[in-house]
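Each chain, letter by letter, is given below.
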Amino acid sequence: MMNIIDGKAISKQIKDEVKEKVAALKAQGVTVTLAVVQVGNDPASSVYVNNKKKACAYTGMESESFELPEETTQEELLSLIEELNNRKEINGILVQLPLPEHIDENAVIRAISPKKDVDGFHPQSVGALCIGQPGFVSCTPAGIIELLKRSGIEIAGKECVIIGRSNIVGKPMALLMLRENATVTITHSKTKDLKDVCKRADILIVAIGKPQMITEEYVKEGAVVIDVGIHRREEGLCGDVDFERVSGHCSYITPVPGGVGPMTIAMLMHNCVESVALQTE
Ligand code: NDP
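1. Comments concerning a negative patch on the surface
So, step 1. A cluster of like negative charges, contributed by D42, E70, E71, E75 and E76, occupies part of the molecular surface.
So, step 2. Assessed through its relative accessible area of 43%, E70 is described here as partly exposed.

Listed below in structure tokens is the structure:
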């Protein structure tokens, strides 16, 4: 039987858990605050930033917004980050990507204190994940682990194939699945016989950035299929997986919208509340 994984419901569960933790901290006199920095006014970024601010309000966290003009220099942005790193009442710093072309994203990511790196993009956070030490985990892959666990899907010992090796999805996803004791294969644009490799997967995680590329020809009967892709079309959103063609062949599948997408923000909220403990260590 095919089951649709309900990312909306699971993300609400997580946000409600965060809400309780935020309230408990408030009762001890601790306010959780996320600084949200946006440079320029890219419409897609503005939607993401607004959703993050709404999620903060839902969970009872404070958010402080920094909306900087497109022509902000790298030095100006770095000096704002330094100020936020030093402000004790700021727990998490989120710089919405992508940044304008004249700003070096890596330099900005490196400038954020690893103790406030709620996106989990800092090299120290990635290194900690790699060697199994505490640190922030990139929100989208962390959300996928929660989707699997909270849907009762066993990970240990399973063959997991990931399509995509980006720093924000594919690579951290592979490390997390390894941590959960899956047998992991990472594929990318140079992989030979992609269909055959994907057909080995008990759990297929697709982060390829190509609308509806993955059809039933890539999916083993009864596999779990996680679709990370988000594409805006006139008819609405779609993922990297052709849902109509694949859903009849798998045991579990995430829809787009309503699958992985809502989990990313829920895990950001989770990271913000966890940051309090990291900062008081
Ligand atoms: P990237 O474009 O950074 O990475 C895509 C990866 O797919 C690359 O590793 C690339 O390989 C690989 N790839 C591209 N074409 C092929 C192909 N034909 N065969 C095999 N592999 C291929 O994308 P992201 O990881 O940032 O994002 C992936 C998707 O997930 C996008 O649709 C994005 O919008 C979405 N997304 C959704 C999020 C959410 O919250 N739900 C969060 C982040 C992303 P190579 O390395 O060789 O180029």
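From this point, the discussion proceeds with the structure in view.
2. Things to note about helix α1 (residues 7-27)
So, step 1. The end-to-end C-alpha distance of α1, which contains 21 residues, comes to 30 Å, matching closely the 30 Å that a straight helix rising 1.5 Å per residue would cover.
So, step 2. Here α1 has its buried residues at G7, I10, S11, I14, V18, V22 and L25. Seen along its axis, α1 keeps its buried residues to an arc of 120°; they face one direction. More than 90 degrees from the buried face of α1, the exposed residues found are K8, E20 and A27.
So, step 3. Elements in contact with the buried residues of α1: α2 (43-59), α6 (139-150) and α10 (261-280).
So, step 4. You can read the cap of α1 off the contacts: a side-chain oxygen lies 3.2 Å from the backbone nitrogen of K8, and it is on D6.

3. Here's the deal with the packing of α1 against α2
So, step 1. Here α1 crosses α2 at 55°, and the two axes come no closer than 8 Å. Between α1 and α2, the interaxial angle falls into the category oblique. For the pair formed by α1 and α2, the contact residues are K12, K15, D16, V18, K19 and V22 on the first element and A55, Y58 and T59 on the second.

4. Details of the sheet that holds strand β1 (residues 3-4)
So, step 1. Strand order in the open sheet made by the six strands is β1-β11-β8-β7-β5-β6, with parallel pairing throughout. Two strands lie at the open edges of the sheet, namely β1 and β6 (183-187), each paired on one side alone.
So, step 2. As defined by bridge partners, strand β7 (residues 203-206) adjoins strand β8 (residues 223-227) across four bridges and the pair is classed as parallel. Following the sheet pairing, I205 is matched in β8 by I226.

5. Remarks on the packing of aromatic side chains
So, step 1. For the coordinates displayed, the defined rule picks out zero aromatic pairs.
So, step 2. Its guanidinium or amino end placed over the ring of Y58, K15 lies 5.5 Å from that ring's centre, counting from NZ or CZ.
So, step 3. For K19, the ring lying beneath its charged end belongs to Y58, and the centroid distance is 4.4 Å.

Cut-off values and rules
Within every chain, residues take consecutive numbers counted from 1 along the sequence as written. Predicted model: local features are reported for residues with pLDDT of at least 70 only, side-chain atom pairs are reported and counted for 80 or more only, and whole-chain, interface and lining totals are derived from all residues. The side-chain values count all of the structure's non-hydrogen atoms but skip hydrogen atoms and water molecules. Patch construction takes residues with relative accessible area above 30% that form no salt bridge. Like charges are linked within 9 Å, and nonpolar side chains (Val, Leu, Ile, Met, Phe, Trp, Tyr) are linked within 5 Å. Values of accessible area rely on a 1.4 Å probe in the Shrake-Rupley scheme; residue burial ignores everything except the protein chains shown. Each reported salt bridge corresponds to a side-chain nitrogen of Lys or Arg within 4 Å of a carboxyl oxygen of Asp or Glu. Charge counting follows a simple rule: Lys and Arg are positive, Asp and Glu are negative, and His as well as the terminal groups are ignored. Lysine's charge is taken at NZ, arginine's at CZ, aspartate's at CG and glutamate's at CD. Here the term buried applies to any residue with accessible area under 20% of the maximum for its type, exposed to any over 50%, and partly exposed to those in between, with areas from a 1.4 Å probe on protein chains only. Numbering of helices and strands runs from the N terminus; a helix is a DSSP stretch of H or I covering at least four residues, while a strand is a stretch of E covering at least two. Multiplying 1.5 Å by the helix residue count minus one yields the expected span of that helix. Regarding the arc, it is the one traced by the directions from the helix axis to the C-beta atoms. Only heavy atoms enter the contact rule, under which two residues are in contact if any of them lie within 4.5 Å. We define a polar contact as two N or O atoms separated by no more than 3.5 Å, with the added condition that, inside protein, one atom must be a possible hydrogen donor and the other a possible acceptor, whereas residues neighbouring each other in sequence contribute only through side-chain atom pairs. To get an axis, fit a line to the C-alpha atoms, keeping to the stretch in contact for a helix; angles then go from 0 to 180 degrees between the N-to-C directions. Geometric relationships in this document are graded by angle, where less than 35 degrees denotes roughly parallel, more than 145 denotes roughly antiparallel, 65 to 115 denotes roughly perpendicular, and other angles denote oblique. Being paired, for any two strands, means DSSP has found at least two bridges between them. Each aromatic pair joins two rings of Phe, Tyr and Trp (for Trp, the six-membered one) with centres within 6.5 Å, and gets the label stacked for planes under 30 degrees apart, edge-to-face for over 60, and tilted for any other angle. A ring is considered to have a charge above it if a Lys NZ or an Arg CZ atom is located within 6 Å of its centre and within 35 degrees of its normal.

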